Every structure is written in C-alpha cells, then in structure tokens.
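# Architecture at a glance
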Protein chains: 2
Amino acid sequence: MAGKFKTKPKPVKAGAIRRRNVAKILKAAEDVFARKGFSGASTAEIARLAGVPKPNLHYYFRTKQALYEALLDRILEMWVEAMEELHPGVDPADALSRYVARKIDLSRRLPGPSKLWAMEMLAGAPHIGAFLRGRVRELVAEKSALVETWIEQGRIAPIAPAHLFFVIWAATQTYADFSVQMTSVLNRKTLDADFYDEARATITTLVLNGLGLKR
Amino acid sequence: MAGKFKTKPKPVKAGAIRRRNVAKILKAAEDVFARKGFSGASTAEIARLAGVPKPNLHYYFRTKQALYEALLDRILEMWVEAMEELHPGVDPADALSRYVARKIDLSRRLPGPSKLWAMEMLAGAPHIGAFLRGRVRELVAEKSALVETWIEQGRIAPIAPAHLFFVIWAATQTYADFSVQMTSVLNRKTLDADFYDEARATITTLVLNGLGLKR
DNA sequence: ATACAACTTGATCAAACGGTCAAGTTCTGA
DNA sequence: TCAGAACTTGACCGTTTGATCAAGTTGTAT
C-alpha cells in the first residue's frame, strides 16, 4: 500500500462529495477574489459564502494561494480558447465580429473570471506573470502575425496588431469589470441582453469601420 | 477660543511639514491601494512605503477609510475635468481626438488614479457609488446629448453614445490598468512614449474611422 | 459487518491587522 | 525666550487573519 510519508494526509481519490464541495468553494472563491483581490479576500468569507466551515475549505485547498491558483488555472484556458476564433483562412470581418461577440458573451455570462483577471493585473500579475510571458506572449505573436498578413494583403487598414488586441480586450472586458459603473451611471438595476447586444454592436462597428471593413 | 470638544485633538492649521507628509502618505497610499484594493491594503505597508511610522500616518488620516476617501476626492476631479474636452461648438473629430489623447496621456503619466478607480469598480464601487449615480451620471447624460446632436446633424455615424464613452474609457484606461500585461506580453521592460503614441493612434483611428470621420 | 478512507468541524494557534496611547521632541509666533 | 501648538514614535490593545489540530461522523469497498 502507498504510504503517506508527508505530514499532510490530503487524499487523492476523487468522489462525488469532493467534486460537489470543490465546485461550491471555487464558485464562492471566484466571487470573493473578484471583489476583494487576493490579499483582500479572506478564507473565512469564502467558506461562509460556500456554506462550509473554514477547516473544510482548508481540507480541499491547503492554502489560500492554492485555491487562488486553482481558479486561475480554470480561467486562463477560457481566455486562450476564445482567441482561437482568429485563424488563417477565415474572413477578417467575420472572424473579428465573432471574436468580439464571443468576448462580450463571456463578459455577460461569466463576469467573475474577467474580474479576477483584472484584479490580478492591477496587483501586478504576481501569480500569473510566467503565463503572460509564456503562452499569452506566443498567442499574441501568432495572432499578430495573422493580422499583419491581412494588412499586407490590403484586407484591413494598417494598424498595430497588438494594440488592436489590447483595445478589443479592454472594450469587451469593461462590460464585466465595470458593470457597476454602467448600472449606476445609466440608472439601471441590471444589464439585460439588449444592453450587451448594443455593446457588441458598438464595438463591432468601431472595429470593422475602424479597419475599413464592411459590416 | 474654539475649544475641541471631541476626543480627538487632530489640528486644523496647515504647515509646510503637514503638506509634505500628507503628500508622501497620499503618494504611497495611491500605490498600495491601486495594487491591493481597499481591503487588501494595510496602513502598515502604506506607512512603510511613505517612510513614516504607522502612528504618524494615523496622525494625519484618522482611519484607513479617511485616507482612501481623500485619495478618491483628488482623483475624481481629474476624471471629470478631462471629459470637458467634449463641448458644444467644437468639431467632433477634433474633440474626440483631443479627448482620446488626453486620456492616454493620463494613463501614461498618472496610472495610479486609473488603477485605483478600477479597483473601486471591481470591488463594486462601495465608496463612490453616490458619486457615480450623481455627478458622473449627469456628466454622461450631458455629453451623450451632445453626441446625439452630432448624430442628428449627420456629422458622425449613428451609435449609442453611452457605449461610445464606455469603449473610449476602457480602451484608454487599459493602458494604465493592464500595463503589466503589455510589458509581459510584448517582452518590454517599460512602456515608452512611442508605445503610448501608438496606442493613441490606434484608438483614434478606430474611433474616428468607426464614426465615419476623417482624420 | 467491518475496516479503512474520506469527509467534517469546534476549538485553537501565532501573526498581522486597524487603531490608540502617552510621553516625548520640534516648530513657531509673540 | 518661552509657551503652546504641531509633530513624532515605541509600546500596546482588541480583533481578525490564514492555517492547524484532534476528535469526531459518514461513505464505501470487500
């Protein structure tokens, strides 16, 4: 039998209980980390929101840091995936429209990950710096090259590809990160599907017209 | 003579020492609050960064909350002011170009306020909600009306004015809030003047072309 | 049925937190 | 010159923090 030669007996085998509790905790943690940031969040508040005692949280996630990184792991994949909308062979106007629509949809349906990402950036990316300098850098380089070919072929107006991405990211993610500002300023209780569609339309118009593309 | 009938003897008269120390503390606080948020920041870290003992910080700012609000007071005025670039009688293309340039310049020279604002929004605007529902709402209503007249006069393409503002804010402020992401992804040590000028050019292109304006 | 792994939790820890205290030292106006 | 205001700071307080402990209860494979 496999002996546990370390001080901590945390199990490896997964069960239904484990999956359910881990999911509850991750969901609560996403909310609290997104509002308070890493240092501001307390494991007690996360546990309270998840409806489990604090020691139970530490049973599944040894440290606050481990919990935070588990969340980031899930989220990072989602962001990378969305960008695959831009690939060779696709029509620039179509691809960009779809990419914007997809990013707006993520901001609407899953604002938590976007806010968590924003918190991490504001804090100086202390936990995911390596990821930025690795996978994200490669992805941006690859997609920038694609945009460059579009420019060279005269299919879109000349523009700095990296800045195009920065602006699209910002414009789409602001509808998650700054949603409180929008409800407050526009005096709305919630932001409905129509609102997000206006956002999508506005950003699409600016990007496509901005690049000299037809709608 | 005016008696101090409350328990706290904090002075009212301003001196050179006071001004200098308050400035040191506010500068340090801006940095720490921007990185950690309100709940995540500690007065001890702010005091350390400011180079004063913690009790001295509390001598000038009774509570962490008071320090935070003093910062927000300074910052909010700056944001309102920049928006005055858009006023009746000005040419839309000129006004929008100047507004974007000014916001990018703020992101470059004073990233702290932008990050602090972003932190406050992510946290759910617990401290400045009233300001958003008051002054900012009025300002957006006023400037939206101006944009509407431009649309009615056929001077710019039809667009939802509020969304135009949200996108411009996001696109410009991302160069302060997410600067870490940009240095990491682009493998640069710092973001120089040229970089910010590319940003300004990109956003201006997208906005002006996007609205059907000439450059 | 039973034995062991998986899970639960009240109580508790040292450290860090926001904030205070009181006893100083330095500055400034008359 | 000197008194009072302004400023400084080591020591400290009660609370909350992340994390642990140990003694449980529940789930499950045989």
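Reading the values: rules and limits
Residues numbered from 1 in each chain as written. Chains lettered and ligands numbered in written order. Predicted model: local features only at pLDDT ≥ 70, side-chain atom pairs only at ≥ 80, totals over all residues. Heavy atoms only, no water. Phe/Tyr/Trp six-rings, centres within 6.5 Å; stacked < 30°, edge-to-face > 60°. Buried < 20%, exposed > 50% of the residue type's maximum accessible area, 1.4 Å probe, protein only. Lys NZ or Arg CZ within 6 Å of the ring centre and 35° of its normal. Helix = DSSP H or I, 4+ residues; strand = E, 2+ residues; numbered from the N terminus. Expected span 1.5 Å × (residues − 1). Contact = heavy atoms within 4.5 Å. Near = heavy atom within 4 Å. Polar contact = N/O pair within 3.5 Å; in protein donor to acceptor, adjacent residues only side chain to side chain. Nonpolar A, V, L, I, M, F, W, Y, C, P; charged D, E, K, R; others polar. Salt bridge = Lys/Arg side-chain N within 4 Å of Asp/Glu carboxyl O. Domains from an automatic or database assignment. Buried area = accessible area lost by both parts, 1.4 Å probe. Core = buried A, V, L, I, M, F, W, Y, C linked by side-chain atoms within 4.5 Å. Least-squares fit on C-alpha atoms with pLDDT ≥ 70 in both.

All right, on to the packing of aromatic side chains then. Under the definition given, this model contains 20 aromatic pairs over all chains. Seen in terms of ring centroids, B:F195 and B:Y196 are 5.8 Å apart; in terms of plane orientation they differ by 90°. Their pairing is edge-to-face. Using a relative accessible area of 1% as the deciding quantity, one classes B:F195 as buried. Connected via pairs of aromatic rings, a cluster forms that spans A:F165, A:F166, A:W169, B:Y175, B:F195 and B:Y196. Above the face of the A:F38 ring, A:K64 is positioned so that its terminal group lies 4.7 Å from the ring centre.

Here we come to helix α5 (residues 92-109) of chain A. All names here are of chain A. Here α5 is 18 residues long and its end C-alpha atoms lie 25 Å apart, about the 26 Å a rise of 1.5 Å per residue gives. Along α5, the residues classified as buried are P92, A93, A95, L96, Y99, V100, K103, I104, L106 and S107. Buried positions along α5 lie against α4 (64-83), α6 (111-122), α7 (129-152), α8 (161-177) and α10 (193-210).

What follows covers the protein's contact with DNA strand C. In the vicinity of DNA strand C there are 21 residues, among which A:N21, A:P53, A:Y60, B:K54 and B:K64 approach most closely. Between a phosphate oxygen of DNA strand C and a side-chain N or O atom of A:R18, the distance comes to 2.9 Å. A:N56 is positioned with one of its side-chain polar atoms (N or O) 3.0 Å from a phosphate oxygen of DNA strand C. For the surface near DNA strand C, the secondary-structure elements that each account for two or more residues are α1 (16-40) and α3 (54-60) of chain A together with α2 (43-50) and α3 (54-60) of chain B. If one sorts the elements of the surface near DNA strand C by residue count, α3(A) sits on top with four residues. Here the surface near DNA strand C is built from residues that sort into ten nonpolar, six polar and five charged.

Turning our attention to the pattern of salt bridges. All names here are of chain A. Across all of its chains, the model carries 24 salt bridges over all chains by this definition. Close ionic contact of E81 with R102 constitutes a salt bridge, the shortest N to O distance being 3.6 Å. Here R102 lies in helix α5 and E81 lies in helix α4, a separation of 21 residues in the sequence. For E81, a relative accessible area of 48% puts it in the partly exposed group.

On to the protein's contact with DNA strand D. Taken together, the neighbourhood of DNA strand D is formed by 22 residues, with A:A41, A:S42, A:K54, A:K64 and B:N21 sitting nearest. For DNA strand D, the backbone portion of the atoms within 4 Å of the protein, that is sugar and phosphate, comes to 57%. Contact between DNA strand D and A:K64: a phosphate oxygen at 2.6 Å from a main-chain N or O atom of the residue. Side-chain polar atom of B:N56 to a phosphate oxygen of DNA strand D: 2.9 Å apart, as the coordinates give it. Of all elements in the fold, only α2 (43-50) and α3 of chain A together with α1 (16-40) and α3 of chain B reach the threshold of two or more residues within the surface near DNA strand D. For the surface near DNA strand D, the element with the highest residue contribution is α3(B), accounting for four residues. Its residues placed into classes, the surface near DNA strand D shows ten nonpolar, six polar and six charged.

Attention now goes to the domain arrangement of chain A. All names here are of chain A. On domain assignment, one finds that chain A holds domain 1 (16-62) and domain 2 (71-210). Each of domain 1 and domain 2 has a C-alpha centre, and these two points are 28 Å apart. On the side of domain 2, eight residues touch domain 1, which itself brings nine residues to the contact. When residues of domain 1 are sorted by the area they lose upon contact with domain 2, L26, E30 and A34 head the list and together hold 69% of the total. Where domain 1 meets domain 2, there are one salt bridge. Among the salt bridges present, the one from E30 reaches R74, with a minimum N-O distance of 3.4 Å. Linking domain 1 with domain 2 are one residue pair in polar contact (both at pLDDT 80 or more). Broken down by class, the residue content of the side of domain 1 that touches domain 2 amounts to five nonpolar, one polar and three charged.

This part covers unusual backbone geometry. Positive phi values are uncommon outside glycine, yet A:N187 reaches one of about 55°. Along the chain, A:N187 falls in the loop between α9 (179-186) and α10.

Formed by 149 residues in total, the largest nonpolar core has its most connected members in A:Y175 and B:Y175. With near-sequence residues (within four places) excluded, B:Y175 lies in contact with A:H163, A:F166, A:V167, B:I104, B:S107, B:M182, B:F195, B:Y196, B:A199 and B:I203.

Once turned by 180° and shifted 0.0 Å along the axis, chain B lies on chain A with an RMSD of 0.1 Å. Both chain copies can therefore be described as sitting about a two-fold axis. When each C-alpha of chain B is compared by its distance to the rotation axis, B:G40 comes out closest, at 1.8 Å.

Compared with the 28 Å implied by 1.5 Å per residue over 20 residues, the 30 Å span of α4(A) between its first and last C-alpha is a close match. Residues of α4(A) that are buried: A:L67, A:Y68, A:L71, A:L72, A:I75, A:L76, A:W79, A:V80, A:A82 and A:M83.

Residue and element names in this part refer to chain B. Along the chain, S97 turns up in helix α5 (residues 92-109). The spatial distance from the C-alpha of S97 to the C-alpha of V207 is 8.6 Å, given a sequence separation of 110 residues. For S97, the contacting residues outside a window of four places in its chain are T204 and L208.

All right, on to the interface of chain B and chain A then. Each side of the interface is counted separately: chain B has 52 residues, and chain A has 52 residues. The largest per-residue losses of area from chain B upon contact with chain A belong to B:L122, B:H163 and B:L206, which jointly make up 16% of the total buried on that side. Along the contact surface separating chain B from chain A lie 14 residue pairs in polar contact (both at pLDDT 80 or more). Elements represented by at least two residues in the side of chain B that touches chain A include exactly α1, α6 (111-122), α7 (129-152), α8 (161-177), α9 (179-186) and α10 (193-210) of chain B. With twelve residues, α8(B) is the single largest residue contributor to the side of chain B that touches chain A. Residues of the side of chain B that touches chain A, tallied by class, amount to 32 nonpolar, 13 polar and seven charged.

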